[in-house]
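# Geometric and topological summary
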Amino acid sequence: MASLQIPSLRDAKWEVLDVLGQRRVRHAAGAQGSPEPYCSPRPPSHWSLRTRSSRARETPWWASRLPVCSLAVCAARRGLRRRLQGTCLAAMVSPVTTVEPSDDVVPHEDMDELDDQMATAPLGKPLPWLQKFLPQAVEASDGLLLRFMEALEERGVELYPAQEEAIVEIFSGAHVVLDTPTGSGKSLVAVAALFKALGEGAKGGHRGRAYYTSPTKALTSEKFFDLCRHFGAKNVGMATGDVAINTRAPLICCTAEVLTSISLRDSGEAIWTVVMDEFHYFGDPDRGAAWELPLWRLSRPGCRTNFLLMSGTLGSNPKLYQTLQDRSGRPVRVVSSTVRPVPLQFSYSEDSVQSSIGQLVQTQRAPIYVVHFSQREALETAKKMADAQTSDGTPVLASALQDPAALRERVEAAHFSSPFGVELRELLLRGVGVHHAGLLPCYRRLVEQLTQDSLLALVCGTDTLGVGINVPIRSVLFTRLCKFDGEETRIMRSREFHQIAGRAGRKGFDDRGYVVAVDPDWIIHNRELQQQISSASSSGARPPSPRWRRPPRRNYQHWTQKTFTQLQRSAPDPLRSQFRLSMAQVLSVLQSAAEQGSKGEEELEDLIAAAQCSRGARHFWRRQVKVYMEALRRYIDFESLDQVADPAERSATIPLDDGTLFISEVVPSLSAKLSEEDLPLVVLAAAEAICDASETFLRALPQASRGEEAPGRCPRDIEELLFEVFNDFRRRRPWISPQFLRPKGIALELLSCESYKELQDRLPNLPEGTLLRYLSDVYRALRLGMPDEMKTTGLRQVENRLRQTVLQADSSLISEWEALKNFEKNIEALDSIEVLEDIEIDAGDLKGGSMVPATSRDVARRSREELQQRLQMVQRHLLQQHAEREAEEIQRQRGLLQRAKRGTMRLLAAADEIWQKLLGLVW
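Residues numbered from 1 in each chain as written. Predicted model: local features only at pLDDT ≥ 70, side-chain atom pairs only at ≥ 80, totals over all residues. Heavy atoms only, no water.

Quick look at the overall build of the protein chain now. Within the protein chain, the regular secondary structure consists of 33 helices and 18 strands. A separation threshold of at least 6 residues defines the contact pool for the protein chain, and within that pool the share at least 24 residues apart is 77%. If you sum the accessible surface of the protein chain, you get close to 41600 Å²; carbon and sulfur atoms cover 49% of it. (Helix = DSSP H or I, 4+ residues; strand = E, 2+ residues; numbered from the N terminus. Contact = heavy atoms within 4.5 Å. Areas by Shrake-Rupley, 256 points an atom, 1.4 Å probe, with all protein chains shown as cover.)

Moving on, we come to the confidence of the model for the protein chain. Low pLDDT marks regions whose predicted coordinates should not be analysed in detail. Per-residue confidence for the protein chain averages 75 on the pLDDT scale, and 75% of its residues sit at or above 70. Counting contacts from residues 643-656, a segment whose pLDDT is below 50, to residues more than four positions away or on other chains yields 34 contacts. Within the model, pLDDT remains below 50 along residues 827-848, and this stretch shows 30 contacts once partners closer than five positions in the same chain are excluded. (pLDDT = per-residue confidence, 0-100.)

Sheet architecture is open: six strands sit in the order 11-18-15-12-14-13, paired in parallel fashion. Two strands close off the open sheet at either side, each with one partner strand: strand 11 (344-349) and strand 13 (432-435). Going from strand to strand, the sheet's axes swing by 20° on average, the running direction of each strand aside. Bridge count for strand 15 (residues 475-478) against strand 18 (residues 513-518) is four bridges, and the pairing is parallel. Bridge pairing links Val 476 to Val 515 in strand 18. (Pairing = 2+ DSSP bridges. Axes fitted to C-alpha atoms, helices over the stretch in contact; angles between N-to-C directions.)

Now for the packing of aromatic side chains. Going through the model one piece at a time under the given rule, you end up with 18 aromatic pairs. Ring geometry for Phe 148 and Phe 171: centres 6.4 Å apart, planes at 35°, overall tilted. A residue pair is termed long-range when its members are at least 10 positions apart, and Phe 148 in helix 4 (residues 141-155) and Phe 171 in helix 5 (residues 161-171) qualify at 23 residues. Classification of Phe 148 by relative accessible area gives buried; the value is 0%. According to the relative accessible area criterion, Phe 171 is buried, its value standing at 4%. Measuring from ring centre to ring centre gives 5.9 Å for Phe 662 and Phe 726, while their planes differ by 75°; the resulting arrangement is edge-to-face. (Phe/Tyr/Trp six-rings, centres within 6.5 Å; stacked < 30°, edge-to-face > 60°. Buried < 20%, exposed > 50% of the residue type's maximum accessible area, 1.4 Å probe, protein only.)

Turning our attention to unusual backbone geometry. With glycine set apart, most residues show a phi of negative sign, and most peptide bonds adopt trans. That bond from Ala 366 to Pro 367 is cis: its omega, 5°, falls within 30 degrees of zero. You can see Pro 367 is positioned in the loop between helix 11 (353-362) and strand 12 (368-371). Residue Glu 278 is not a glycine yet carries a positive backbone phi of 55°. Take Glu 278: it is sitting in the loop between strand 8 (271-276) and helix 9 (289-297). Judged by its relative accessible area of 6%, Glu 278 falls in the buried class. One non-glycine residue with positive phi stands out, namely Asn 555, at about 55°. For Asn 555, a relative accessible area of 39% gives the class partly exposed.

Here we come to the environment of Arg 330. You can see Arg 330 is positioned in the loop between helix 10 (318-328) and strand 10 (332-336). Spatially, the C-alpha atom of Arg 330 lies 6.8 Å from that of His 175, the residues being 155 residues apart in sequence.

Within strand 4 (residues 209-214), six of the six residues are buried, which leaves it mostly tucked inside the rest of the structure. The two faces of strand 4 match: Arg 209, Tyr 211 and Thr 213 on one face and Ala 210, Tyr 212 and Ser 214 on the other face are all buried. Summarising the sheet, strand 4 and strand 8 pair through five bridges and their orientation is parallel. Bridge pairing in strand 8 links Ala 210 to Thr 273. With five bridges connecting them, strand 4 and strand 7 (residues 251-255) associate as parallel partners. Note on strand 7: the bridge partner recorded for Ser 214 is Thr 255.

What follows deals with the sheet that holds strand 8. Strands sit in the order 6-5-7-4-8-9-3-10 across an open sheet of eight strands; the sheet is mixed. The open sheet has two free edges, formed respectively by strand 6 (244-245) and strand 10, since each of these has just one partner strand.

Here Gly 794 is to be found in helix 30 (residues 793-809). The spacing of Gly 794 and Asp 678 is 116 residues in sequence and 9.1 Å in space, taken between C-alpha atoms.

Time to look at the pattern of salt bridges. According to the stated counting rule, one finds 31 salt bridges in the structure shown. As a salt-bridge pair, Glu 164 and Arg 870 come within 2.4 Å of each other at their nearest N and O atoms. Highlighted residues: Glu 164 in helix 5 and Arg 870 in helix 33 (residues 864-922), separated in sequence by 706 residues. In this structure, Asp 387 engages Arg 430 in a salt bridge whose closest nitrogen and oxygen atoms are separated by 2.3 Å. (Salt bridge = Lys/Arg side-chain N within 4 Å of Asp/Glu carboxyl O.)

Attention now moves to helix 19 (residues 583-596). Look at helix 19: 20 Å from first C-alpha to last across 14 residues, which is about the 20 Å you get at 1.5 Å a residue. What helix 19 keeps buried is the set Met 583, Ala 584, Gln 585, Val 586, Leu 587, Val 589, Leu 590, Gln 591, Ser 592, Ala 593, Ala 594 and Glu 595. One or two residues past the end of helix 19 sits Gly 597, with phi positive at roughly 80°. (Expected span 1.5 Å × (residues − 1).)

Okay, the packing of helix 19 against helix 20 (residues 600-610) next. It is at 8 Å that the axes of helix 19 and helix 20 come closest, and there the two elements cross at 130°. Taken together, the axis directions place helix 19 and helix 20 in an arrangement best described as oblique. The hand of the helix 19/helix 20 crossing is right-handed. Within the contact between the two elements, helix 19 uses Val 586, Val 589, Leu 590 and Ala 593 and helix 20 uses Gly 600, Glu 601, Glu 603 and Leu 604. (Parallel < 35°, antiparallel > 145°, perpendicular 65-115°, else oblique. Left-handed = near helix turned anticlockwise from the far one by under 90°.)

Another aspect to go through is the side chain of Ser 475. Position of Ser 475 among the secondary structure elements: in strand 15. If we skip the residues at most four places from it in the chain, Ser 475 touches Leu 360, Arg 365, Pro 367, Ile 368, Tyr 369, Ala 504 and Tyr 514.

Okay, helix 8 (residues 256-265) next. Of all 10 residues in helix 8, eight are buried, a share of seventy percent or more. Every buried residue of helix 8 is accounted for by Ala 256, Val 258, Leu 259, Thr 260, Ile 262, Ser 263, Leu 264 and Arg 265.

Another aspect to go through is the nonpolar core. One finds Phe 279, Phe 478, Phe 662 and Leu 775 to be the most contacted residues of the largest nonpolar core, which totals 170 residues. Sort the elements by how many residues they give to this core and helix 24 (residues 679-689) lands first, with nine residues. Residues within four places of Leu 775 in sequence aside, it is in contact with Ile 746, Ala 747, Leu 750, Tyr 756, Leu 759, Leu 802, Thr 805 and Val 806. One finds Val 189, Leu 308, Val 874 and Leu 878 within the second-largest nonpolar core, a separate group that totals 53 residues. (Core = buried A, V, L, I, M, F, W, Y, C linked by side-chain atoms within 4.5 Å.)

All right, on to a nonpolar patch on the surface then. Together, Ile 914, Trp 915, Leu 918 and Leu 921 make up an exposed nonpolar region whose accessible area comes to about 470 Å². Following the sequence through the fold, Trp 915 ends up in helix 33. (Patch = residues over 30% accessible without salt bridge, like charges linked within 9 Å, V, L, I, M, F, W, Y side chains within 5 Å.)

This paragraph deals with the pairing of strand 14 (residues 458-461). Covered by surrounding structure in strand 14 are Leu 458 and Cys 460 together with Val 459 and Gly 461, the residues of both alternating faces. Here four bridges tie strand 12 to strand 14, and the two strands are oriented parallel to one another. Paired with Val 370 across the two strands is Cys 460, which belongs to strand 14. When strand 13 meets strand 14, the two strands line up parallel, connected through four bridges. Looking at the pairing, Gly 433 lines up with Val 459 of strand 14. In this fold, strand 13 hands off to helix 15 (residues 441-452), which returns the chain to strand 14; that crossover is right-handed. (Right-handed = clockwise from strand over helix to strand, strands pointing away.)

Right, here's the structure in full:
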C-alpha cells in the first residue's frame, strides 16, 4: 500500500461531515483552519448541505445502473434474499437533494418536520440575561468581577461563602479546585468562569475560547441549553459523539473526550478557560485519561488556560494540584466545604421497594428517584408503580402529582414515534419517568424537563440521572448497594454512593433531602414468608408451604444496614491516575508539534512525565510510544509533517487509530478478492467489527437457531474473511489485542430493512438509544476510516443510508437549539435592551435554568459600592487564608527536614559504631 502523508493543519483541505449536525469542513488548499470536526472557526463559502427532500423522487436516476449484490447467497440465510435479489442497493438508500445553507443553517432531513418540532418545543422564554453585562471592550478582571456580581445582584442571587471565594479566585487568574457537596452551587461558579472568558474576549472579538466539559452526553446537553439561556444561543455550541451544534461559538459544551482530542491537536494558545465538571472521573478506570490528558496538555509552558475543576467527591490530592501549579506557573486554590445547603436524612428500610416508595409518597417526600443498576430492572419498577393502587383503588402516585393537567398537556404535545415511545408515553401520563442511557435523546430530554418542572412523582433509572443532571429530587431510594462494574459485582464505592445520594434535596425546593436503602429482595421475601408462617401458627390455621429464597448466584454482593452506614461515613478515596495514550493521540501530538516548530518526542515525554501514574507505568508508556512511532513511520514522513507540496497529498486520509489503519489497509486486499458488488457489504462489516460494543450489548442480540443465522449476527463467510485479513494486519502490529476485531451484523441488517423501526422490531432486546449510538459509530468508522479516492459508488451509497437513518431517528437536540435561536432573534429585534424590563417573566424564566438558583425579586439589592466593599473583604480574607496555608506548608517542610536530619544523624552514628566494632575485631 502506498504511504499516506499527513496534511498540515495550515495547508490542509478539510470537509464537513454531517452526523446529527456534526460537521467536518473541507477547505481549499492554503486556507487557514483546523481539520478537527468540533472547532471550525468559520464555514467556507462553497460547502453544501445534503438534506432529504420530501419532494424528491422515490428512486434516483442511478438506481437502475447499479448491479445486483452477489452476496445475496450468504445473506439469504438471514432472510435478506427478498431485499437483495432483484433489487439494487441504491434503491435502499433514501434520495437526497443538495441546498446551499445560510451561515446558521443546521442540517435536517425534513425542514417541514423541523418546523413542527420547533413549534411544539416546550421552551418557555429563555432570556440571555448575562449577555447584556458583557463589556463592549477589553476590561480588567476586577471590572469583570464587579459586572458579574451586579448581574447576580439584579437577579437576587445570594452566594454561599465557598461560592464567593471560588469566584474571586477565578477572576484573580488562579486555577480553582471546587470540592463542595452536591447542591452547593458549583454550576453558578462555572457560569462565573465562563463569563470571565467571554468578557476577556471583548464580546465579539473572541480571541480565546472557553470549554465546559462533562462526563455524559445527557449532562452536556443540559448544560448547553442552560448556557444558551445565560449567554445567548449564538455564543454557545455543543460537541459530543452524536451531535455538534454551533461549533464556531466562543463557548463550547463538550464531553471530556472531545476536549482531549482538541488539546492534543491544538497548541492550546486559543483555549483560555476550561471548566471540568464531575472531575472525580479523573480516577475512572475506563475514561480517566480523558480528564488527565487535557490537564497536562493545556498546562504546559506557552498555554494560558485557566482550570476550574469541580466535584463533590474529590478526596485529598495534594500531589495532583502541586503538579498543575508547577507546570502552569499559576497558583492552585482549593475551595472545599462539607456544609450542604439542604441537609440529608438517611434511613434504612426492611420493606420492599414498592412498599418503601408508597411510604415516601404518603409522607410527602416525592418526587422520588429510584436507583437501579440495570435498565431492565428500572423499567420493571416503573411499570409496577404505574399500576400500583391503594386499598380503595386510588393510584399510589396520585397524591404526589402536583399538576396532572399540565403533565398531560406536555406529554400529549410530545412526539412518540418509536416502539418504546408508546410505552413511555403511558408511563409519563401516570407520573412515572424512565431515565437511562438506552433511551433516545429526545425521550431522555423530555423526562429531564418534566422532572425539572416537578411534574413527575417518580423517576426510575440508572446512575445517568445521578451524575450531574440538575433536577429537583426530594428523595433518593437505592434498590441495591452493589453494582456490576464491567468485570465483577462489588459494593458501591463511597464516591459513587455520595454522588447519587447527593441528588436528594435541592435548594429552593426542599428543606431536607431523604436517602433510603432497602434490604435485598431475597431477605425481604424470606422475612415476609416467616411472618406468614408465624401468623398462621398463632391463629391455628394451616401455614403456607415455605418457598425460601437463596442469595442470587450472579450479579450480587451482600449488603446490610451496616454497609449503608459505612457508606454514609466513609470519605472518598484520593484520585488515582488512569493515564494512557493511543496511536491516534500520539499522532495528534506529533502533527501539532510539527506545525508549531517543536519536537514531538519532547512533547510526548513532557506529557508522560506529568502523568500521576506510577514510575513503572510511565516507563511502560515511554516504550509504547516508541512502538507507536515505529508503526507510524510506515505511513508518515516525520520530517515533513508541515511541508506537503503535492495538493493531492493534502487531502489524503490520515490513519488516526488502529481502527482506521485496519480499514485503510484491508480495503485494497479485499478489493482484490471481491467483486465490486460484494465489496460494500464486506467493508461495512469491517467497520462494524472495529466498533466497540459492551458484553451487555452483544448478549442482547438474538441467538441463532438451527440452520439459520440470527439477525444482527455477522454471516459466517464474511466473518472468516475478516479474520483472515485481520491476522495479517495484526502480525505487523503486535500490540493490537486479539479481541480488537468483533464482527457484528447490525448495520448489515439495516440494509435489508425499509426503516429504522423495522430494524428495532428485529432486534427487540436492544434499547433504542443504544442502537442509535451504535449505528452512528459505524457511520463514522466507515466515513472517516477510508480515503475518499478508495470509496466506490456502492460504499458511498451504504454510507449515505447510515447517515439518513441516524438523522431520521432523532434530531431533537438540533430542533430545540433552532427554537432557541429563533426566539433570540426576536428578542434582538427590539429597539433597546431596556424594553426587556417591561416583559413579564414567569417563574420558569426567573430560575435562569438549572445553573442559577431560583430567586425572588423582593430581595433588597446592594449598591455598587457595597458590592465592592464585600469583594474587598473576601479578598482580604483569602489573602490571610493563603498566608496561613503558606506558613503551615513552610512549617511542615521544616518539620520534614528536621526529621530527615535526625534520621541521617542516627544512621551516621550507627554506621560509626559498626565501623568501630569492625576495627576492634581486626585489631
